[in-house]
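Coordinate analysis (summary)
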Amino acid sequence: MIKLKTPIVIAIDGHSSCGKSSFAKNIACELNYLYIDSGAMYRAFTLFAMHRGFLMNGIANDSELEKNIHNINIDFKKTCNSAYETYLNGENVENAIRTMPVSENVSEISKIKSVRSRLVALQQKMGERKEIVMDGRDIGTVVFPNAELKLFMTANLEVRAQRRYNELMEKGTSVLLSEVRDNLAQRDFIDENRLESPLKMADDAIILDNSNLTPLQQMEWFKKLVEKFE
Ligand code: DC
């Protein structure tokens, strides 16, 4: 358990599937902070659009989505083993948002300005009391530009594809490694090049490349880093 002198906000950004969520969850647990996976919010929005027919053949109906923007409620609830699960309008969608169809469509939804404004407002509200770790693509640049600690995580594409592939296989999803790699490369490209809040490192962020680091080594690295806040 790490005890900090004053409550802080920790913003973590980085590429798809580089282990941001696992790392963020572990440090939040160590600090006894709230953990928010902002990617899960974009995924839940995507599921909503798919179910309502606002996303057809990979093309989003922006104006219908905008009209429905306040009909979407996204929540996180802690399970008995302290993990957080995502709820969309009261329904547990934690597994549904991790499927390939959602991964293939989420970039289309996350580039829409009205979607981003709504989710950023919800995220800022969640961080009002600090003591929060949030991960995503624009957390240190847009959501919490004044966060006390900003990290930018990355790992090479091959390592990331293999990790994501293993996760999907464990869940019993049949998928090709090449399919996973292509999806990650495509999402990286869209995330870095979109007009609205592209993925970029904040000037004051600290880089963590975990290509060759175990979760334990990452935690050791983090413990040294936060000594200045203790
Ligand atoms: O972290 P993830 O891979 O589950 O995120 C899913 C998608 O959501 C990702 O392709 C980009 C988008 N996203 C975003 O645009 N901004 C965020 N803060 C978090 C995720």
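Calculation notes
- Residues numbered from 1 in each chain as written.
- Predicted model: local features only at pLDDT ≥ 70, side-chain atom pairs only at ≥ 80, totals over all residues.
- Heavy atoms only, no water.
- Axes fitted to C-alpha atoms, helices over the stretch in contact; angles between N-to-C directions.
- Helix = DSSP H or I, 4+ residues; strand = E, 2+ residues; numbered from the N terminus.
- Parallel < 35°, antiparallel > 145°, perpendicular 65-115°, else oblique.
- Left-handed = near helix turned anticlockwise from the far one by under 90°.
- Contact = heavy atoms within 4.5 Å.
- Near = heavy atom within 4 Å.
- Polar contact = N/O pair within 3.5 Å; in protein donor to acceptor, adjacent residues only side chain to side chain.
- Areas by Shrake-Rupley, 256 points an atom, 1.4 Å probe, with all protein chains shown as cover.
- 1 Å grid on protein atoms, 1.4 Å probe; cavity = no way out; pocket = protein on both sides within 12 Å on 5 of 7 lines; lining within 4 Å.
- Sits in = over half its atoms within 2 Å of the grid points.
- pLDDT = per-residue confidence, 0-100.
- Buried < 20%, exposed > 50% of the residue type's maximum accessible area, 1.4 Å probe, protein only.
- Lys, Arg positive; Asp, Glu negative; His and termini not counted.
- Salt bridge = Lys/Arg side-chain N within 4 Å of Asp/Glu carboxyl O.
- Pairing = 2+ DSSP bridges.
- Disulfide = S-S within 2.5 Å.
- Points joined across faces, edges and corners; volume = space filled by probe spheres on them.
- Nonpolar A, V, L, I, M, F, W, Y, C, P; charged D, E, K, R; others polar.

Turning our eyes to something else, we now look at the packing of helix α7 (residues 157-170) against helix α8 (residues 177-193). Interhelical geometry of α7 versus α8 gives an angle of 120° and a closest axis separation of 9 Å. What the angle tells us is that α7 and α8 run oblique. As α7 runs across α8, the sense of the crossing is right-handed. Facing α7, whose interface residues are Leu157, Glu158, Arg160, Ala161, Gln162, Arg164, Tyr165 and Leu168, α8 presents Leu177, Val180, Arg181, Leu184, Ala185 and Asp188.

This part is about the site of the ligand. Near the ligand lie 14 residues; those nearest to it are Arg43, Arg116, Asp138, Arg187 and Arg194. The side chain of Arg43 places a nitrogen or oxygen atom 2.7 Å from an oxygen atom of the ligand. Considering the ligand on its own, with 450 Å² of exposed area, one finds that the protein chains cover 96% of that surface. At a threshold of 2 Å from the grid points, most atoms of the ligand map onto the largest pocket. Looking at the shell around the ligand, the elements that each hand over two or more residues are α2 (38-52), α4 (100-110) and α8. No other element matches α2, which puts four residues into the shell around the ligand.

Let us now look at the confidence of the model for the protein chain. Confidence along the protein chain averages 94 in pLDDT terms, with 99% of residues attaining 70 or more. Put simply, strand β5 (residues 74-78) is where the protein chain has its lowest mean pLDDT, 90, and strand β1 (residues 9-14) is where it has its highest, 98.

Time to look at unusual backbone geometry. Even without a glycine there, the phi angle at Ser17 is positive, about 55°. Secondary-structure assignment places Ser17 in the loop between β1 and α1 (20-31). One non-glycine residue, Lys130, lies in positive phi territory at about 60°. Counting through the fold element by element, Lys130 comes out in the loop between α5 (113-126) and β8 (132-136).

With respect to the helices and strands, the residue Lys20 is situated in helix α1. Nearest to the buried, unbridged Lys20 among oppositely charged side chains is Asp135, at 5.3 Å. When sequence neighbours within four positions are dropped, the list of residues in contact with Lys20 reads Ile12, Asp13, Gly14, His15, Asp135, Gly136, Arg137 and Met153.

All chains considered together, the criterion is met by 13 salt bridges. Notably, a salt bridge pairs Asp191 with Arg194, separated by 3.5 Å at the nearest N-O pair. With respect to class, Asp191 is no different from Arg194; both count as buried.

Let us now look at the sheet that holds strand β9 (residues 149-154). Judged by pairing direction, the sheet is parallel, and its five strands sit side by side in the order β2-β8-β1-β9-β10 without closing on themselves. The sheet is open, and its two edges are formed by β2 (34-37) and β10 (206-209), each paired on a single side. Pairs of neighbouring strands in the sheet enclose a mean axial angle of 20°, with direction left out of account. Where β1 meets β8, five bridges bridge the pair, whose relative direction is parallel. Bridging across to β8, Asp13 finds its partner in Gly136.

Counting across every chain of the model gives zero disulfides. Cys18 takes part in no disulfide bond, and the closest cysteine sulfur, belonging to Cys29, lies 20 Å away. A residue is classified by how much of its surface remains accessible, and Cys18, at 1% relative accessible area, is buried.

Volume-wise, the largest pocket comes out at about 1200 Å³. Surrounding the largest pocket, 48 residues form its lining, Ser21, Ser22, Asp37, Arg98 and Glu167 being those nearest its centre. Considering every element that reaches the lining of the largest pocket, the biggest residue donor is α1, with six residues. Grouping the amino acids of the lining of the largest pocket by side-chain chemistry returns 11 nonpolar, 18 polar and 19 charged.

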